[in-house]
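Survey of secondary and tertiary structure
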Amino acid sequence: PAPAPKQLNPAPEIRKTDEKKAVKKPKPAAGSPSEGFKAVGAKTAPPGSWIALEPGKRSKLSVAGQGVGLSELKAALDPSRVLFIAYNIQAVDDSSKRTKLVQIEFVGDGVGGMARMKALQGKGSVAKIFKGMACSVKVEKPTDLNTKDLALQLRSSGGAHPPKYYDFGNGEKV
């Protein structure tokens, strides 16, 4: 059997204020979107680090999930959501490792037309946070993401010096 997909937003905690009422208190996000992006893009970040941002009301972005590795990222993609993902891939040579950041725009195939349009208005907010991206890809299904296609995108957008291989994290290399 396939493993259950990773939940991006944990269930809210319930804090009792008295016997008759219960107030839902959401768990705090893993820092701000800007802080999360800086951590993923840092040279010390492990290859395959990623952060997923989700647009909310008035294009406000919130951290929807974080992790390491393409397989973990694919498991976290929910077809009913719109996510903007920064994914850290390392270009490896004999003598160096260079961090390449890929922007993944995930619009699940279960997102309706109006919700899709409204959520994609958040692209401007994402552009303010996601700086220095090597390339960008759009996907609708987790199966659309694979190491070979991402490596081709990076090679086509890269400079004259191609790396020996790309490290996608968790032992995934192309």
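Treat the numbers as computed from the prediction; the structure is a model and nothing was measured. (Residues numbered from 1 in each chain as written. Predicted model: local features only at pLDDT ≥ 70, side-chain atom pairs only at ≥ 80, totals over all residues. Heavy atoms only, no water.)

1. A short note on the confidence of the model for the protein
To keep things clear, this is the line we draw: What pLDDT conveys is the predictor's confidence in a given residue, as a value from 0 to 100. Residues are treated as being in contact if the distance between any of their heavy atoms lies within 4.5 Å.
Predicted confidence across the protein gives a mean pLDDT of 85, with 83% of residues reaching 70 or more. Counting contacts from residues 9–29, a segment whose pLDDT is below 50, to residues more than four positions away or on other chains yields 21 contacts.

2. A word on the side chain of Ser49
This is how the line gets drawn: Helix numbers and strand numbers start at the N terminus; a helix is a DSSP run of H or I with at least 4 residues, a strand a run of E with at least 2. For the purposes of these results, a polar contact is taken to be a pair of N or O atoms within 3.5 Å, where, inside protein, one atom must be able to donate a hydrogen and its partner to accept one; residues adjacent in sequence count only when each atom of the pair is a side-chain atom.
Take Ser49: it is sitting in strand β3 (residues 49–55). A polar side-chain atom of Ser49 sits 2.6 Å from the main-chain carbonyl oxygen of Pro46. Setting aside its immediate chain neighbours within four residues, Ser49 contacts Val40, Gly67, Val68, Ala86, Tyr87 and Asn88.

3. What to know about helix α5 (residues 147–157)
Filter applied, for reference: Partly exposed describes any residue whose relative accessible area lies between the buried limit of under 20% and the exposed limit of over 50%, with all areas from a 1.4 Å probe on protein chains only and scaled to the type maximum. Working note: the arc is built from the helix axis to C-beta atom directions.
What α5 keeps buried is the set Thr147, Leu150, Ala151 and Leu154. The arc that holds the buried residues of α5, viewed along the axis, is 100 degrees, so those residues lie on one side. Facing away from the buried surface of α5 by more than 90 degrees, the exposed residues are Lys148, Leu152 and Ser156. The backbone nitrogen of Lys148 lies 3.2 Å from a side-chain oxygen of the residue at the head of α5, namely Asn146.

4. With respect to the layout of surface pockets
Note the cut-off: In this analysis the probe radius is 1.4 Å and the grid spacing 1 Å, with only protein atoms considered; a cavity is a set of points the probe fits into but cannot get out of, a pocket is an open set with protein on both sides within 12 Å along at least five of seven lines, and lining residues have an atom within 4 Å of a point. Grid points are joined across faces, edges and corners, and a volume is the space filled by probe spheres set on the points. Ten residue types, Ala, Val, Leu, Ile, Met, Phe, Trp, Tyr, Cys and Pro, are classed as nonpolar, four, Asp, Glu, Lys and Arg, as charged, and the remainder, Gly among them, as polar.
Computed from the structure, the second largest pocket encloses a volume of approximately 230 Å³. Lining the second largest pocket are 14 residues; nearest its centre among them are Pro55, Gly56, Ala115, Lys118 and Ala119. Counting residues per element, the lining of the second largest pocket draws most heavily on helix α3 (residues 113–120), at three residues. The residue makeup of the lining of the second largest pocket, split by class, is five nonpolar, four polar and five charged.

5. As for unusual backbone geometry
One non-glycine residue, Asn170, adopts positive backbone phi at about 55 degrees. With respect to the helices and strands, the residue Asn170 is situated in the segment after β8 (165–167). Note on Asn170: relative accessible area 53%, which makes it exposed.

6. Section: the pattern of salt bridges
What counts is decided by this rule: Within this document, salt bridges are pairs made up of a side-chain nitrogen of Lys or Arg and a carboxyl oxygen of Asp or Glu, the two lying within 4 Å of each other.
For the structure shown, the criterion picks out five salt bridges. Between Glu54 and Arg81 there is a salt bridge; the shortest N-O distance is 2.4 Å. Of the two residues, Glu54 is situated in strand β3 and Arg81 in the loop between α2 (70–76) and β5 (82–92); the sequence distance between them amounts to 27 residues. Here Glu105 ties to Lys123 by a salt bridge, and the two come within 3.3 Å at their closest N and O atoms. Taken as a pair, Glu105 in strand β6 (residues 97–107) and Lys123 in helix α4 (residues 123–129) lie far apart in primary sequence, 18 residues in all. Residue classification places Glu105 among the buried residues on the basis of a relative accessible area of 6%.

7. Remarks on the environment of Gly48
Residue position: Gly48 is located in the loop between α1 (33–41) and β3. With 21 residues separating them along the chain, Gly48 and Gly69 place their C-alpha atoms 4.4 Å apart.

8. A closer look at the side chain of Gln90
Inspection of the secondary structure assignment puts Gln90 in strand β5. Taking the relative accessible area as the measure of exposure, Gln90 reaches 6% and is therefore buried. Aside from chain neighbours lying at most four places away, what touches Gln90 is Lys43, Ala45, Pro47, Lys97, Arg98, Thr99, Tyr165, Tyr166 and Asp167.

9. Focus on the environment of Ser136
With respect to the helices and strands, Ser136 occurs in strand β7 (residues 135–139). Accessibility expressed as a relative area gives 41% for Ser136, which makes it partly exposed. With sequence-adjacent residues up to four places away left out, Ser136 is seen in contact with Gln103 and Gln153.

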